[in-house]
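# Understanding the architecture of this molecule
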Amino acid sequence: MTATPSSASLVVDQESPGVLLVRLSGNGREQGIRASEMLVQAALSAPGAKSLSFESANLSGWDSRFVAFIRSCSELCRSRQIEFRDGGLPEGVRRLLRLAEAVPEKKDAHHAAVKSRLLQTMGEHALKGWAGALEMFTFLGENLAALGKLFRGHAQFRWSDALLVMQECGPQALGIVAMINFLVGLILAFVGAVQLMKFGASIYVADLVAIATVREMGCIMTGIILCGRTGAAFAAQLGTMTVNEEINALQTFGISPIEFLVLPRMVALLLVMPFLCAFADLISIAGGFFVSVSMLDITPTVYLTRTIDAIHLTSFLLGIGKGCFFGFLVAYAGCFRGMQSGSSAAAVGEATTRAVVTGITAIIASDGIFAVLCNALGI
Amino acid sequence: MNANETKIQIQNLTMAYGSYVVMRDINAEVKRGSVFVVMGNSGSGKSTLLRHMIGLQRPAHGDVLYDGQSFWNTDDEGRRTQLRKCGVLFQSSALWSSMTLAENVALPLVEYTDWSPTDLKDIVRLKLSLVGLSGFEDYYPAELSGGMRKRAGLARAMALDPEILFFDEPSAGLDPLTSRNLDKLILELRDSLGATVVVVTHELASIFMIADDSIFLDAETKTMRARGNPAELLKHSTDAKLKAFLTRGEFSGEPATQTKL
């Protein structure tokens, strides 16, 4: 019929009606030969085709793409009941074809794309969500039981582990906690000052920074920093231990992973958080102090006096208490997602992501609940 | 101690993940002091069977009996007591990566004994020297080669002087020589400690070297296909599939490329 003018070429000849001969020449690795694949398919699709054979004496080379093309021809032939004669193909191509067809395609091996209805999908999601919630509560219960055991003094728990975690998430986090909270104090003071100056009330910047920091920002920012820093680390550690069968090894020795791995992390965060929060409060107020003294012409003494007057013990304790609770949430989210992790590298990554997402969501949501409660109780 | 006594009995064990049945109706007895091999093709559920025997996965049906006592029809506490008789070497060694070898071996001892630190240290050194790792007490698992990690895992499995030792694919990832040495070590420990050994493997060389008794799991029929000493099975069995397995496919006459992977 036609030939492509190229160093590599493919010509489809019709020797007698329906008997097709494909003449291959040149380098089968080149683009030219692939460009004319359509010709063969067109010839095979034409009515009356009876057999397909090849002539490849002038073919100088071939690659996997070429074999794939020949294979698609053979499959087309089979589906149209056209005789496929591979005699004229290079020896290597014929052997690869035979190997590819040695084990028939497993029909049920392909993952079927299941098309599900909207309602069905919603139902499945609801069930999954319910199962997830149950799992979460089970884990919570196990943790509380383990904490109870710890107080009664017979948990499989080592203080050395807890102290090590405390060091990792306490002193080593001071730098980042200081930096973020200083900036938050700075921002609070600055935004507040812009508004308050309009009323000539810049002196109240001190009150604003003090109250906002001690009640809300100090513990929230610290909680979020810890979630990204420590919660993610917990999830990754426990996830990797799951992958590595280390959790299974603990279980076969009758050692509870909850008591041995989760409890130290939880206790460490519960103990470290109050100190971190207090430190965050201090630094954040220092940030406000810096802005006020350098830009608002408020004397240091006045700023400090107003700050001390503004902070009530209840507000301070509320902030610290919330901080402790956020610490618990961070440890809980990190450990829960880590223990839940599947056994592959991707699963550990996913567990880490979910730990951070769960942790931050829980912190913000519970802070909202705290705000409502405090309002109702008049704290 | 009667050598013919049944140490472990697997009764009508059916294993499933949710509604997907992996294997059904497995029955086997393991004699005290013998080396029992669970063999089968990849994906036939060998390791799953092991997980059922060491309490990591609950059977869908059936039970495992240790010394005639039910393992699954009892509470967590009862299971924990029975597991104290068992030591497990996991496929990936599963050493606790945040602890040194000495701490790895010592942890079970600390949990279950009230020995003094000096005693503990001596025991740990003894266990590590039994597997040829004297002097590596303060190394972390990540600092060791695969073969050394396997041996350290074995030292930890032996920490509580178990009556039964489980091995999950002991030769996986080891070169032939290291894996042979590990096999020799298994036999040596069995002889000197009088332990019962259960090994999950598909390494033919290992199977013929260490097995006293075995079962062959088949993924297609979803049940055990044969039981007995592998060498005897090879001689007397008429099952083409089993013979193909035991001879690396040479028996069946099929070219290697045509067998299903």
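Quick caveat, the model's predicted, so the values are computed rather than measured.

### A closer look at the overall build of chain A
When its secondary structure is counted, chain A shows 13 helices and four strands. For 379 residues, the compact-globule formula gives about 21 Å, and the C-alpha radius of gyration of chain A, at 35 Å, lies well above that figure. Its C-alpha atoms give chain A principal-axis dimensions of roughly 105 × 60 × 40 Å. The proportion of buried residues among the 379 residues of chain A is 36%. Considering only intrachain contacts with a sequence separation of at least 6, the fraction spanning at least 24 residues in chain A is 81%.

### Overview of the sheet that holds strand β4 (residues 61–66) of chain B
All names here are of chain B. Taken in spatial order, the four strands line up as β2-β1-β4-β5 in an open sheet, and their pairing is antiparallel. The open sheet has two edge strands, β2 (20–31) and β5 (69–70), and neither has a second partner. Examined bridge by bridge, strand β1 (residues 6–17) and β4 share five bridges and lie antiparallel to one another. Along β4, the bridge assignment pairs I10 with V64.

### Section: the pairing of strand β3 (residues 35–40) of chain B
Residue and element names in this part refer to chain B. Among the six residues that make up β3, six are buried, leaving the element largely enclosed by the rest of the structure. Of the two faces of β3, the one holding V35, V37 and M39 and the one holding F36, V38 and G40 are both buried throughout. Both β3 and strand β8 (residues 196–200) contribute to a ladder of four bridges, which runs parallel. Across the sheet, V35 pairs through a bridge with V197, a residue of β8. By the bridge criterion, five bridges tie β3 to strand β9 (residues 213–218) in an arrangement that is parallel. From the neighbouring strand, F36 faces β9, where its bridge partner is D213.

### A word on the nonpolar core
Ranked by size, the top nonpolar core spans 137 residues in total, and within it L269 of chain A together with F166 of chain B carry the most contacts. Contacts of F166 of chain B, omitting those with residues within four sequence positions, involve L50, M53, I54, C86, V88, L89 and V198 of chain B. One finds L10, W62, C73 and L89 of chain A within the second-largest nonpolar core, a separate group that totals 14 residues.

### Here's the deal with the sheet that holds β3 of chain B
Strands in a sheet are paired, the pairing made by backbone hydrogen bonds, and the direction either parallel or antiparallel. Residues and elements named next belong to chain B. Ordered by their spatial adjacency, six strands build an open sheet running β6-β7-β8-β3-β9-β10, and the pairing between neighbours is mixed. The strands lining the two open edges of the sheet, one partner per strand, are β6 (86–89) and β10 (223–227). Between one strand axis and the next, the sheet turns by 20 degrees as a mean value, whatever way the strands run. Here helix α5 (residues 146–157) sits on the sheet and contacts β6 and β7 (164–168); the angle it forms with β6, its principal contact strand, is near 170 degrees.

### Topic: the packing of helix α8 (residues 205–243) of chain A against helix α12 (residues 313–340) of chain A
Axis angle and axis distance: for two packed helices, these are the angle between their axes and the distance between the axes, and together they describe the pair. Residues and elements named next belong to chain A. Between α8 and α12, the least distance of the axes is 7 Å, while the angle of their chain directions is 20 degrees. One finds that α8 runs roughly parallel with respect to α12. As α8 packs across α12, the resulting crossing turns out to be right-handed. Counted by class, the contact of α8 with α12 contains 17 nonpolar, 14 polar and three charged residues.

### Some remarks on the interface of chain A and chain B
The interface is formed by 14 residues belonging to chain A together with 18 residues belonging to chain B. Per element, the largest residue contribution to the side of chain A that touches chain B is five residues, and it comes from helix α9 (residues 246–252) of chain A. Split by residue class, the side of chain A that touches chain B holds six nonpolar, six polar and two charged.

### What about the confidence of the model for chain A?
Across chain A, pLDDT averages 88, with 94% of residues at or above 70. Counting contacts from residues 1–6 of chain A, a segment whose pLDDT is below 50, to residues more than four positions away or on other chains yields 11 contacts.

### What to know about the packing of α12 of chain A against helix α13 (residues 345–377) of chain A
Residue and element names in this part refer to chain A. Put simply, α12 and α13 touch, their axes get as near as 8 Å, and they point 150 degrees apart. If you check the angle between α12 and α13, you find them roughly antiparallel. For the pair α12 and α13, the sense of crossing is right-handed. Two secondary-structure elements touch here, α12 through L318, K322, F325, F326, L329, V330, A333, G334, R337, G338 and Q340 and α13 through A351, R354, A355, T358, G359, A362, I363, S366, D367, F370 and C374. Residues of the contact of α12 with α13, tallied by class, amount to 12 nonpolar, six polar and four charged.

### As for the environment of F253 of chain A
Residue and element names in this part refer to chain A. With respect to the helices and strands, F253 occurs in the loop between α9 and α10 (257–295). C-beta crowding within 10 Å serves as the criterion here: with 23 such atoms nearby, F253 is assigned to the buried category. Taking the C-alpha atoms as reference points, F253 and K149, 104 residues apart in sequence, are found 19 Å from one another.

### Details of the domain arrangement of chain A
Domain boundaries in chain A define domain 1 (9–105) and domain 2 (130–377). A straight line from the C-alpha centre of domain 1 of chain A to that of domain 2 of chain A covers 67 Å.

### Focus on unusual backbone geometry
All names here are of chain B. Backbone geometry places D25, a non-glycine residue, at a positive phi of 50 degrees. Here D25 lies in strand β2. The exposure class assigned to D25 is partly exposed, which follows from the 13 C-beta atoms found within 10 Å. Positive phi values are uncommon outside glycine, yet A94 reaches one of about 55 degrees. Mapped onto the elements, A94 comes out in the loop between β6 and α3 (101–112). Given 25 C-beta atoms within 10 Å, A94 falls into the buried group.

Conventions adopted
Residues numbered from 1 in each chain as written. Chains lettered and ligands numbered in written order. Predicted model: local features only at pLDDT ≥ 70, side-chain atom pairs only at ≥ 80, totals over all residues. Helix = DSSP H or I, 4+ residues; strand = E, 2+ residues; numbered from the N terminus. Rg over C-alpha atoms; globule rule 2.2 N^0.38 Å. Buried ≥ 20, exposed ≤ 12 C-beta atoms within 10 Å, placed from the backbone. Contact = placed C-beta atoms within 7 Å. Pairing = 2+ DSSP bridges. Core = buried A, V, L, I, M, F, W, Y, C linked by C-beta atoms within 7 Å. Axes fitted to C-alpha atoms, helices over the stretch in contact; angles between N-to-C directions. Parallel < 35°, antiparallel > 145°, perpendicular 65-115°, else oblique. Left-handed = near helix turned anticlockwise from the far one by under 90°. Nonpolar A, V, L, I, M, F, W, Y, C, P; charged D, E, K, R; others polar. pLDDT = per-residue confidence, 0-100. Domains from an automatic or database assignment.

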